[in-house]
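Architecture at a glance
The residues making up each chain are set out below.
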Amino acid sequence: MKKLIVIPFLVLFSYLAEAQTLNVETGDNAYAQGDKIAQLGVSLGAYGYGGGFFGSRSFALPVNASLEFGFHEFLSAGPYVAFSRWGYKAPTYNYHFSVFAAGARGSFHYLPLINDGLDLGLDESKLDFYITVMLGIEARNWNYGDNFSGTVQSNDARFAFNGVLGFKYKFNQNWGAYFEGGRGAIGYATFGASYTF
């Protein structure tokens, strides 16, 4: 499963590193048309059996990765993936739950509009406010075993339509930190690092 996640992103990042030599003008704003934005983060409040991974005896933080292409002065879109696994283990039973999510996301970057409309004077070279919608598939796997009934395994998948409010702060032309609140790819609050090509 880890190879399925890592390989496509290695190929994508190799392509973007090469494409960076095209010298596309990105402007002075934290978001501009022509930007390519890669984000890697972790989520809190992951959902699943028992409502989340908190309290379980083993877990992997929900990891999210996305890539968006700025095709309009206010709009960007691209793919995302996310993965998490957690479980309980005791002398007489064990339980594991994992989820993999993948799909497409689109973002509306609205800071310039509210800055102009409300005359806020926020620094658009450092700040980016956005609303994101996600459409994808979530594949879930349950694995339960005990000393009495043996092992039971169940798999399912569902279509997901989720939305988040996002905030990004850029430290320099390329690097920034972001936070997204709302029902994301796996969790309800996601934070991490972003890199703009």
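A short tour of the structure in this document, coming up. No experiment lies behind these values; they were computed from the predicted model shown. Residue numbers run consecutively from 1 along every chain, following the written order of its sequence. Given that this is a predicted model, residues contribute local features only at a pLDDT of at least 70 and side-chain atom pairs are listed and counted only at 80 or more, while totals for whole chains, interfaces and linings are drawn from all residues. Hydrogens and water are ignored here; the side-chain numbers use all heavy atoms of the structure.

**Some remarks on the overall build of the chain**
As a reminder of what qualifies: Note on conventions: DSSP H or I runs of at least 4 residues are helices, E runs of at least 2 residues are strands, and numbering of each starts at the N terminus. Note on exposure labels: buried denotes an accessible area under 20% of the residue type's maximum, exposed denotes more than 50%, and partly exposed covers the range between, all computed with a 1.4 Å probe on protein chains only. Any two residues whose heavy atoms approach within 4.5 Å at even a single point are treated as in contact.
The secondary structure content of the chain amounts to two helices and eight strands. When the helices and strands of the chain are listed from N to C terminus, the series reads α-β-β-β-β-α-β-β-β-β. By the burial criterion, 42% of the 197 residues in the chain qualify as buried. Long-range contacts, defined here as pairs at least 24 residues apart, represent 60% of the contacts in the chain between residues at least 6 apart.

**With respect to the pattern of salt bridges**
Under the convention used in this document: The term salt bridge refers to a side-chain nitrogen of Lys or Arg lying within 4 Å of a carboxyl oxygen of Asp or Glu.
Taken as a whole and judged by the stated rule, the model has six salt bridges. Close ionic contact of Glu180 with Arg105 constitutes a salt bridge, the shortest N to O distance being 2.8 Å. In this pair, Glu180 sits in strand β7 (residues 175–182) while Arg105 sits in strand β4 (residues 93–109), placing the two residues 75 residues apart along the sequence. Looking at Arg105, the relative accessible area reads 5%, which means it is buried. Here the salt bridges do not stand alone but share partners, grouping Glu68, Arg105 and Glu180 into one network.

**Regarding the packing of aromatic side chains**
The cut-off we apply is this: Whether two aromatic rings pair depends on their centres lying within 6.5 Å, for rings of Phe, Tyr and Trp, where Trp uses its six-membered ring; planes under 30 degrees apart make the pair stacked, over 60 edge-to-face, and the rest tilted. Any Lys NZ or Arg CZ found within 6 Å of a ring centre and within 35 degrees of that ring's normal is scored as a charge over the ring.
Tallied over the full model, the rule gives nine aromatic pairs. Ring centres of Phe97 and Trp142 lie 5.2 Å apart, and the angle between their planes is 55°; this geometry places the pair in the tilted category. One end of the pair, Phe97, is in strand β4; the other, Trp142, is in strand β5 (residues 127–146), and 45 residues separate them in sequence. By relative accessible area, Trp142 is classed as partly exposed at 23%. Between the aromatic rings of Tyr195 and Phe197, the centroid separation amounts to 4.9 Å while the plane-to-plane angle is 75°, which identifies the pairing as edge-to-face. Accessibility expressed as a relative area gives 19% for Tyr195, which makes it buried. We classify Phe197 as buried; its relative accessible area is 13%. Aromatic rings pair up to connect Phe74, Phe108, Tyr110, Phe129 and Phe167 into one cluster. Sitting above the plane of the Tyr188 ring, Arg183 keeps its charged end 5.8 Å from the centroid.

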